[in-house]
Amino acid sequence: MNALKSQLVADAVEEIIRQAQTRLPPDVVEGLVVARDAETDKTATAQLDAILENISIADERGIPMCQDTGILVFFVEIGRDACIVLDLDWAIREGVKQATNSVPLRPNAVEPLTRLNSGDNTGDGLPDINYSFKDGKAITITVAPKGAGSENMSAFRMLKPSQVGSIKDFVVETVQKAGGMPCPPIIVGVGIGGSFDKSARLAKRSLLRNLGDMDEYEQELLEAINSLGIGPMGLGGRTTALAVHVEKAHCHTASLPVAVNIQCWANRHASVTLDAGHDLTHLSEQYKTMHHLTEQHSNKHHLVEQHSNKHHLAEQHMNKHQLAKQHMAGKNVPHHLTTPLGRDDIMELEAGDIVYLSGTIYTARDEAHLRILELTDEGKPLPFDLEGAVLYHCGPLMQKDNGGWRTVAAGPTISARMTEMTPQVLDNYNVRAIIGKGGMKNIAPVLEDRCVYLAYTGGCAALAVDMIKDVRGVHWLDLGMPEAVWVLEVENFGPLIVGVDAKGRDLYGEVSGLALK
């Protein structure tokens, strides 16, 4: 066998990263189609419709489906008879660097203490490359981009050997605590046994399995999770999870490590098998059924009966949640508002209402909030006007274009990270609306009489691009692309669901309360 060349491997890595970022595997698309057709809740249906439209747009245009292109996790299987005369680590890192520019990817890799961004998605320990061996002479490389929104909701617990029966409770509790933050419907990976670190690796690797590949134990976990009624984006519904995958390893007689790795609906991964003379044209073939599945969604519903057992919930749970949702639903009459917003604009909105926004909005994540508060404490003016403003919890993926900037992808980030800073921001500035995902715990009293929280479907970053008409400017780019304040001109940006209104109602809190019962 001829030796593999470094650039061939780098190019292959670049291509599978592109595939993973722009196209979901067919089993994931099918799972979402089935969930959409089985859904009876209007808010949940709207979220799933947006997800499916976003998937189609990303695929057709070859752009990332989510602005959080994640950190790059690789699983490399090396044939024992393979002839390797290259530095695989170098080749994979080079492929990541190439993809950062060509796909493009949002620069996400930062030094953990200084938070300095490397700019190319590589750094100490990144990309995360995991090697194993197999029979034969080929090398299979799988990339699984992992976004922070779902990764941050993962959990580990070192149970006692006598607590085998508590594993199910821990898994369900982890999902319940996560709520809408990891962009449900989720895929839940569970690692049982091994050691502290091996259980986590088992959980992550399990996410690569086909969604329909579940045994009886995994099906039981899935039913228990879906009976919570958290639903798509945490706003209620039948499907909180699409699948649960459990991987096990023998462990010490005195240990029972359990790891839960949550994946968002965008379960992105792609693989390539390399040998001498390999070409990359077949990579598109593994996704060739995706368009057929989305077409079926638009005009057929026969998949529901075929997969109905996957989404069966206990009748008592569904009755409880359906009655609650009837109470929780807003008027469902779309409101078309133009920024800047006044107090009267937001006081007309009720939890559950649908909103479309036009005008100027400002992206602001963790670092931007911190800088706003620093300047406020120092008595210095902000370089932008927050009177009647809309803040979008978003770290967009941007690309330079003819001396300016264009938006590549711009979905919401987890709002919970901004919870503690929001009261002080609202005390100093008349911000009238916050857009994000997952809600903010106990935020209703803070927003009351002055601001609303609007939920935009998590992960739908490609869908947002058509509604962003212009990038008017950027402030504090020294914070990095995701953390800078981007001034966006939008037109009919939505649909946005009023998750928390200015009258004290919090849909996330109500759904969470039901999930605890």
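Our subject is the structure that appears above.
Just so you know, these numbers come straight off a predicted model, no measurement behind them.

Engineer: Any chance you could break down the overall build of the protein chain for me, citing the residues and the numbers?
Structural biologist: What the protein chain contains, in helices and strands, is 17 helices and 17 strands. Considering only residue pairs separated by 6 or more positions, the protein chain has 77% of its internal contacts joining residues 24 or more positions apart. Roughly 20800 Å² of accessible area belongs to the protein chain as shown, and the carbon and sulfur atoms make up 49% of that amount.

Engineer: Which residues make up the side chain of Thr-45, and what values go with them?
Structural biologist: As for its placement among the helices and strands, Thr-45 is situated in helix H3 (residues 42-61). Within the structure, the side chain of Thr-45 is placed 2.9 Å from the backbone oxygen of Asp-41, a separation counted as a polar contact. When residues no more than four places from it in sequence are discounted, the contact partners of Thr-45 are Arg-36 and Glu-39.

Engineer: If you had to explain the packing of helix H6 (residues 167-178) against helix H8 (residues 216-226) to someone new, which residues and values would you point to?
Structural biologist: Remark: H6 packs on H8, axes separated minimally by 10 Å, with the N-to-C direction vectors making an angle of 40°. Here H6 is positioned oblique relative to H8, judged by the angle of their axes. The way H6 lies across H8 gives a crossing that is right-handed. Residue-level contacts link Ile-167, Lys-168, Val-171, Val-172 and Val-175 of H6 to Tyr-217, Glu-220, Leu-221, Ala-224 and Ile-225 of H8.

Engineer: Outline the pairing of strand E3 (residues 139-146), listing residues and values.
Structural biologist: Within a regular strand, side chains alternate between the sheet's two faces. Here E3 lies mainly inside the structure; eight of its eight residues are buried. Here E3 shows a buried face lined by Ile-139, Ile-141, Val-143 and Pro-145 and a second buried face lined by Thr-140, Thr-142, Ala-144 and Lys-146. Examined bridge by bridge, E3 and strand E8 (residues 270-274) share five bridges and lie antiparallel to one another. Counterpart to Ile-141 in the pairing with E8 is Val-272.

Engineer: Break down the sheet that holds strand E5 (residues 186-193) for me, citing the residues and quoting the values.
Structural biologist: With mixed pairing, the four strands of this open sheet are ordered in space as E4-E7-E5-E6. What marks the edges here is a single partner per strand, and that holds for strand E4 (155-159) and strand E6 (241-249). Averaged over all pairs of adjacent strands, the angle between strand axes in this sheet comes to 15°, irrespective of strand direction. Both E5 and E6 contribute to a ladder of eight bridges, which runs parallel. Bridging from a neighbouring strand, Gly-189 pairs with His-245 of E6. Seen against the sheet, helix H7 (residues 196-206) touches E4, E5, E6 and strand E7 (256-263) and runs at an angle of roughly 145° to E5.

Calculation criteria
Residue indices begin from 1 for each chain and proceed along its sequence in written order. Where totals are concerned, whole chains, interfaces and linings use all residues; where local detail is concerned, this predicted model gives features only for residues with pLDDT of at least 70, and gives and counts side-chain atom pairs only at 80 or more. Hydrogens and waters are ignored; side-chain quantities use all the structure's heavy atoms. Counting from the N terminus, the helices are the DSSP runs of H or I reaching at least four residues and the strands are the DSSP runs of E reaching at least two. Contacts are assigned to residue pairs with any non-hydrogen atoms lying within 4.5 Å of each other. Methods summary: accessible areas were calculated by the Shrake-Rupley approach with a probe of 1.4 Å, and residue burial reflects only the protein chains presented. Contacts described as polar in this section are N or O atom pairs within 3.5 Å, which, within protein, must combine one atom able to donate a hydrogen with one able to accept it, while residues neighboring in sequence count only if both atoms come from side chains. Axis lines are fitted through C-alpha atoms, for helices just across the contact stretch, and the angle between N-to-C directions can take any value from 0 to 180 degrees. Any angle from 65 to 115 degrees is called roughly perpendicular, while one under 35 is roughly parallel, one over 145 is roughly antiparallel, and all others are oblique. Each crossing is labelled by how the near helix is turned from the far one, with a counterclockwise turn of less than a right angle marking it left-handed and a clockwise turn marking it right-handed. Note on exposure labels: buried denotes an accessible area under 20% of the residue type's maximum, exposed denotes more than 50%, and partly exposed covers the range between, all computed with a 1.4 Å probe on protein chains only. At least two DSSP bridges between two strands are required for those strands to pair.

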